[in-house]
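Now for the letters of each chain:
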Amino acid sequence: MADTTVRIDGNTLRLPGGVAVRFIRTLRLPETGTHPLPPGLGEFPVRRIADYADRVPEEWRARGGVMLPVYLREAMWLSFAGTSEPAALQVGVGKVCAVSGGPWSDRPARGPQNYVVLPRQPWLDGINSGTGTVRQFVAVPLGLGATVEGQVTGEEVWGGVQLQSFALNDRALALWREEERRRQVPPAPAPPGGYGAAMPAAFGSPAAGGYGAPAAGGYGAPMPMAAPSAPGAVPARAATGAARPAPGAAPAAPASAPRAAAAMGLGVGGSMRQEVYQDDRPLSDWSEKPAGRVFVHLVTPPEWRRITGEAAPPSPVDRTAYTRAGLPWFDYFDQDAEDLAPTDTLRSVKPVGDWLGDDHEPWQPPTPGQTQQLKDAPGQPVADGDW
């Protein structure tokens, strides 16, 4: 029987089938206009619900999964760097599909497509709500109607983020692995001298890092957040040196009776240039049963401290200060992929400012030189629950 265990590796969620997901802190965009991709400002810390079962509400224990701390109106994006094999990943926000706007489903579907294809989709910054654009994920409390869940379904029951991965079926996976094996077999050595002779090592050999040198780790290999990418590899959106949470958990808070916690969900903020790619495989290539799934609870910083005994990361970086410092923004384009058209359901979702009001934070757009063009270990198991 296939292993369906989800594990935490540092702050990375590892789903069966080689899927790796990290939750990245970022700058919140203005709710008007269309903007470049904001940078990564470090990872959100992720903890298992099962490790704090005596301090979380009963419904959290029933749903299982993990939790992470977010501030009101804090923005995030999902990074899929490190995914090792092809996968179809469903992303739910309050059990509303962030790709199609449809209700949560137990299998991949088309018409409309309800998943992203990994590792082709390097990250997802928001809901698929415009042609070639997404609207940024922004944290808001349940009960106001500001979440995607509230606007699409008319109620706010679930909150959080839901992830579910599907691997290729046995036939399609065997074909993919054989193609990968052939692609990675080095060509036969060329005869010395004359037409077709090997180039000098200093010019083009893999040892010299020349044209055609294989990327370390092969297809979909993990990428360091700030290291330069190998030719042809999907580059990372670099962290900027912002402080990350120190490794290791802080001393646990004294045990206290579980109580109702302030529940958080995801609404939307500003629009940015990002495509959600169409799947170019037949739907029959994917398994019908999920390889793994996990519920991600969003916790306010005060609740995070009460539950875990840890301080939440510092409040988000001021975006004007970031831009004035000359730090990078990003544009990403994959010429071989097609954008997935948005559905009317997600196109009509309103930004959180319509509920919470303007934040009055001044906006200074990046200069053209600040926008960079990109591209063209086991941990403890996470308990699943009833959701």
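This report concerns the structure included in the present document. Because the structure is a prediction, the values reported are computed rather than measured. (Residues numbered from 1 in each chain as written. Predicted model: local features only at pLDDT ≥ 70, side-chain atom pairs only at ≥ 80, totals over all residues. Heavy atoms only, no water.)

Looking at the pairing of strand β7 (residues 75-79)
Summarising burial for β7: five of the five residues are buried, a large majority. Of the two faces of β7, both are covered, the one formed by A75, W77 and S79 as well as the one formed by M76 and L78. Two strands pair when backbone bridges link them, and strand β3 (residues 19-26) and β7 are joined in this way by five bridges, in the antiparallel orientation. Bridge pairing in β7 places I24 opposite W77. In this sheet, strand β12 (residues 133-141) lies alongside β7 in antiparallel orientation, the contact comprising two bridges. Across the sheet, A75 pairs through a bridge with V138, a residue of β12. (Buried < 20%, exposed > 50% of the residue type's maximum accessible area, 1.4 Å probe, protein only. Helix = DSSP H or I, 4+ residues; strand = E, 2+ residues; numbered from the N terminus. Pairing = 2+ DSSP bridges.)

Some details on the pairing of strand β8 (residues 87-93)
Burial runs high along β8: seven of the seven residues are buried. Every second residue of β8 is oriented toward a common face, with A87, L89, V91 and V93 on one face and A88, Q90 and G92 on the other, all of them buried. As judged from the three bridges shared by β8 and strand β9 (residues 116-118), these two strands associate in the antiparallel manner. Bridging across to β9, L89 finds its partner in V116. Bridge count between β8 and strand β13 (residues 161-167): seven bridges; the pairing is antiparallel. The residue of β13 that forms the bridge with A88 is F166.

Comments concerning the sheet that holds strand β6 (residues 66-69)
The strand order across the open sheet formed by six strands is β5-β6-β15-β13-β8-β9, and the pairing between neighbours is mixed. Only two strands of the sheet have a single neighbouring strand rather than two, namely β5 (47-48) and β9. Here helix α5 (residues 301-308) sits on the sheet and contacts β5, β6 and β15 (292-299); the angle it forms with β6, its principal contact strand, is near 130°. (Contact = heavy atoms within 4.5 Å. Axes fitted to C-alpha atoms, helices over the stretch in contact; angles between N-to-C directions.)

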